[in-house]
Amino acid sequence: MSTTNGPVAQTIGLTKVFKDFWGRNRVVALDDLHLEVRPGEVFGFLGPNGSGKTTTIKILLGLLYPTRGRAFVFGRLPTDVAVKARIGYLPEESYLYRFLDARETLDYYGRLFQQPRGERQRRTEMLLEMVGLSAVARRRVGQYSKGMARRIGLAQALINDPDLLLLDEPTTGMDPIGTRQIKDLIRELARRGKTIVLCSHLLADVEDVCDRVGILYGGKRRALGDIKALLARQELTQITAERLRPDTIERIKELVENLEGKEVLGVTTPTDRLEEFFLRIVQEARQQRLTTSGAEAGGPMAEFLRADGLQTGQQLVDSLVAAAKSEPGADQPTGTQSPADQPPDRRTIEQLVQSGSQTQQQHHDEPADDDQAGPKSKQVDRSVIDSLIQPKLQRDDE
Amino acid sequence: MSRIVAVARNMIAEGIRMKIAVIFIVMLVVIVAALPAIMHGDGTLRGRVQTFLAYSLGATAVLLSLLTVFLSCASVAAELAGRQIFLTVSKPIARWQYLVGKWLGIAILDALLLAGAGVGIYAMVAYLKTTAWLNEQDRDALRYEVLTARASVRPSTPDFAARADAQMERLKEQDRLPQSAFAPTGGWSQVGQTIRQRIRDDLSKQWMSCPPLGVREYRFENMHFDPNEAGLIHLRYKAQVSRYPPDDILRCAWVIGDPTKDGARISRPYLSERADVVRQYHIVRIPADAIAPDGTLLVRFENVDRRYSGDFDKMHRTSVSFSGQGDLEVLYEVGSFEANYLRSLLMILAQLVLLAAVGVLASSFLSFPVACLMCMMVYLTAISSGFLQEAIRELAANPSAFEGDLALRLAVLLKPATTVFLWVVPQISAYNPINDLVDGRLVSWAWLGRAALWLGAVQTTVAMAAACLIFRRRELAQVIV
């Protein structure tokens, strides 16, 4: 979507010094920082507290002015108002108007983008649905929990379908479902060619979604590069297969020793990550229709944020697994489901598609549990689709 | 524009949903509803209505001013403290649009609340009008002296400055002036100027007084009055006496109108024999046809007691003077109370609009409490700017009079700074319509226009421009460590 071929965000020798009351230099927040965020990448911005991440973002937004050096966004100065039409920003805390409700909040920001009323309303409803706040949209934002405020903060950052999304600690205060949803969202937006800058202390999250990372310390850049290159352990090879018998494993060890003269370092059964486990438990609870007064699990991604046209492969899979996306027992009459939506077909596809072991293992353990597996889809199926369409992201999910 | 409107809407929502606006409305309702019950003025219906109008409108103006100060100071400062502004200005909205939006929101909120209060107060006046009056005179007084819009004309005077100059020249020729009256460079020295001013004041006082048993004629000019319309004009005066008459009752007469004038509509002048308490305002009501077609009205004051026709020995002898500000004037109806009331409200709105701009300016670079403090200071100075400027002029004209008083000597030292401050601070006091409205005097379109131009347009624009300049350069996420 970016119209420039150059970097989306760029800092050249960026230095920021905070002064004390008497105008004396006190804190060097950024020190000669050179950084480039390329179009379409997910850039992870890491560093301990006070390393200058947020300061960099605030300079890119024109909230702070550099002491020395320069910052550019889409090739223009951050103070250029027009540039901001293409930026979405989620600050480290959700700074919202406490007296507005969720819908009014989104409407207000939509107005600042001069969106026509119909479009504004459409996007507002979609985003509320997406972040799971439709049911509490009439409640004042001041009464929201931190996580709910975070969700509405995320929604406002997306109202203009931004080309550059600046996310400052997006998952703080979020429950694991929300966290997972944000990661899925980041992937989806990246797929559409959007550029995302993600500041986070949660290294696992960054590792999951980022293409490149920059690590700051004391306002200086300590590392920068492709995440896979940075993390790859070239000296090891991992084989993943369906469950094997012990004697088969012994034969593989022998084979490796005979052919390569090398030792097999370990054979283990992969475990569910806690995130996956948690998501499954919550989905089960939702299926039993337990009520909650808080945020509900997020709905489908807002249509205007989804890749249309580009993703024919995904649309195919979407239609095939649609049954898994709709909640069982919802008002949807079963008669409307096409034969292709029937659970057996979906399972077949998943088996074909799945390269990771977890989901598949689950099906082996609970083969008759189709209805149980259904609602899990909102979060998990997304990764299924991801792996089908973008094999390069596969390992992020493992 | 739509971005400005978005910010304005948000500001209005904030104003309405913050308890501060609710408190204002509650206080106003209490005042409007309770005032007539508590205050009776001088016991007449006219007094009641006047008191009610003055206090309720005054309270509305003050309460709305306070509300405006709080809201406008909170507007930017609180958003900076709460950092909501980070999100707003990272959207495609220019800083000036944000500030103008804030100001517009407050201005609209002010207009809404003022309109509500205005309707409430008017309804209460309409209700009071129907309550019992003391007598016909009382009812007429309310109708013709309060619930109306009257223009005021002062008597024409000769050019006292020229006469004073002539007299100074005479004194100079007669060598009766002290040497110190002359400046070394020619012309008058400070002393000479003072003498000249004294002569001028004396001439003016002489003109406005009538010797014992004497007669004095005053001419009122440029009275725009529709000759086809029947109506009443009011001669309003307050007499000072040199010797107090028995029971403080001054017996005199007014002869009004000039039948000898071309096209005069009266065959003989109107005569009003009076028995007035001295040093109080009195009103003589006469038909409007006493005004000549050329817009002049001749008024003759007779300092005689007509009960003793020609028998001067029986009469009390005192000279009578109307030399105070507004001690002698003619008032005539030129418009309706309703229109006058509306113009008064608009004038108050002009003040509020300016105050909102000052608040936004203050909060563009100060924290909420400091901005509030600054605004309150500006507001208090602005509403008393007339008095303060008078005081400063006095101090400038006569510095020697204040010698020995340390505080006043300090004031003299600080005079340049004070003068600059007063010059910068908007002169809201010059645009306070309430007294005139309550007195049934015209709050003219021209006056309202000047208020709208100076307060609402020029000074508001200057304040907002300064706010935008400051705010544009400001680092919104700045932290002082």
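Residues numbered from 1 in each chain as written. Chains lettered and ligands numbered in written order. Predicted model: local features only at pLDDT ≥ 70, side-chain atom pairs only at ≥ 80, totals over all residues.

Caption draft 1: Fine view of the overall build of chain A. When its secondary structure is counted, chain A shows 15 helices and nine strands. Put simply, chain A has 398 residues, and 40% of those count as buried. Here the contacts in chain A between residues at least 6 apart in sequence split such that 72% fall between residues at least 24 apart. (Helix = DSSP H or I, 4+ residues; strand = E, 2+ residues; numbered from the N terminus. Buried ≥ 20, exposed ≤ 12 C-beta atoms within 10 Å, placed from the backbone. Contact = placed C-beta atoms within 7 Å.)

Caption draft 2: Focus on the sheet that holds strand E7 (residues 195–199) of chain A. Residue and element names in this part refer to chain A. The strand order across the open sheet formed by six strands is E5-E6-E7-E3-E8-E9, and the pairing between neighbours is mixed. In this open sheet, the two edge strands, each paired with only one partner strand, are strand E5 (87–90) and strand E9 (220–226). On average, adjacent strands in this sheet sit at an angle of 15° to one another, irrespective of strand direction. Sheet analysis places E5 next to strand E6 (residues 164–168), joined by four bridges and oriented parallel. Bridging from a neighbouring strand, Leu90 pairs with Leu167 of E6. Of the strands in this sheet, E5 and E6 are in contact with helix H4 (residues 146–158), which crosses E5 at around 170°. Packed on one face of the sheet, helix H5 (residues 176–191) meets strand E3 (42–46), E6 and E7 and runs near 150° to E7. (Pairing = 2+ DSSP bridges. Axes fitted to C-alpha atoms, helices over the stretch in contact; angles between N-to-C directions.)

Caption draft 3: Spatial organisation of the domain arrangement of chain B. Taken as a whole, chain B is organised into domain 1 (2–147 + 336–473), domain 2 (160–207) and domain 3 (210–333). Of note, the centres of domain 1 of chain B and domain 2 of chain B, computed from C-alpha atoms alone, are 44 Å apart. (Domains from an automatic or database assignment.)

Caption draft 4: Spotlight on unusual backbone geometry. Although it is not a glycine, Glu169 of chain A adopts a positive phi angle of roughly 50°. Among the secondary structure elements, Glu169 of chain A is positioned in the loop between E6 and H5. Phi angles above zero are rare outside glycine, and Asp175 of chain B is one such case at about 60°. Relative to the elements of secondary structure, Asp175 of chain B occurs in the loop between helix H7 (160–173) and helix H8 (190–207). Overall, the presence of 6 C-beta atoms within 10 Å leaves Asp175 of chain B in the exposed class.

Caption draft 5: Focus on the nonpolar core. By size, the foremost hydrophobic cluster in this structure holds 181 residues, and its most contacted members are Leu127, Ile152, Ile196 and Leu198 of chain A together with Ala357 of chain B. Those residues within four positions of Ile152 of chain A in sequence are excluded, and the remaining contacts are Ser94, Leu96, Ala102, Thr105, Val131, Leu133, Val141 and Tyr144 of chain A. (Core = buried A, V, L, I, M, F, W, Y, C linked by C-beta atoms within 7 Å.)

Caption draft 6: Highlighting the sheet that holds strand E4 (residues 68–73) of chain A. Residues and elements named next belong to chain A. Taken in spatial order, the three strands line up as E2-E1-E4 in an open sheet, and their pairing is antiparallel. At either end of the open sheet lies a strand with only one pairing partner, and these are strand E2 (25–37) and E4. Between one strand axis and the next, the sheet turns through 25° on average, direction left out of account. Relative to E4, strand E1 (residues 9–19) is paired through five bridges, and the arrangement is antiparallel. Counted as the bridge partner of Thr15 is Arg68 from E4. Docked against the sheet, helix H1 (residues 53–60) engages E1, E2 and E4, running at close to 110° with respect to E1.

Caption draft 7: Quick peek at the pairing of E2 of chain A. Residues and elements named next belong to chain A. As judged from the eight bridges shared by E1 and E2, these two strands associate in the antiparallel manner. Looking across to E2, one finds that Thr11 is bridged to Leu35. Connecting E1 to the next strand, E2, in antiparallel fashion are five residues, including Gly23 with a positive phi near 85°.

Caption draft 8: Fine view of the environment of Arg46 of chain B. Residue and element names in this part refer to chain B. Residue position: Arg46 is located in helix H3 (residues 45–82). Residue classification places Arg46 among the buried positions, given that 24 C-beta atoms sit within 10 Å. With 221 residues separating them along the chain, Arg46 and Ser267 place their C-alpha atoms 34 Å apart.

Caption draft 9: Representation of the interface of chain A and chain B in the model. Of the residues lining the interface, 29 residues belong to chain A; the matching set on chain B comes to 27 residues. At the level of elements, E2, E5 and helix H2 (102–112) of chain A are the ones that each hand at least two residues to the side of chain A that touches chain B. When residues in the side of chain A that touches chain B are grouped by element, the largest group, four residues, is from H2 of chain A. Tallied by class, the residues present in the side of chain A that touches chain B amount to 22 nonpolar, two polar and five charged. (Nonpolar A, V, L, I, M, F, W, Y, C, P; charged D, E, K, R; others polar.)

Caption draft 10: Region of the structure containing the packing of H2 of chain A against helix H3 (residues 117–130) of chain A. All names here are of chain A. Relative orientation of the contacting elements H2 and H3 amounts to 135°, with a least axis distance of 9 Å. In terms of axis orientation, H2 runs oblique to H3. Seen along the crossing, H2 lies across H3 with a hand that is right-handed. Here Ala102, Arg103, Leu106, Asp107, Gly110 and Arg111 of H2 lie close against H3, whose contacting residues are Arg120, Arg123, Thr124, Leu127 and Leu128. (Parallel < 35°, antiparallel > 145°, perpendicular 65-115°, else oblique. Left-handed = near helix turned anticlockwise from the far one by under 90°.)

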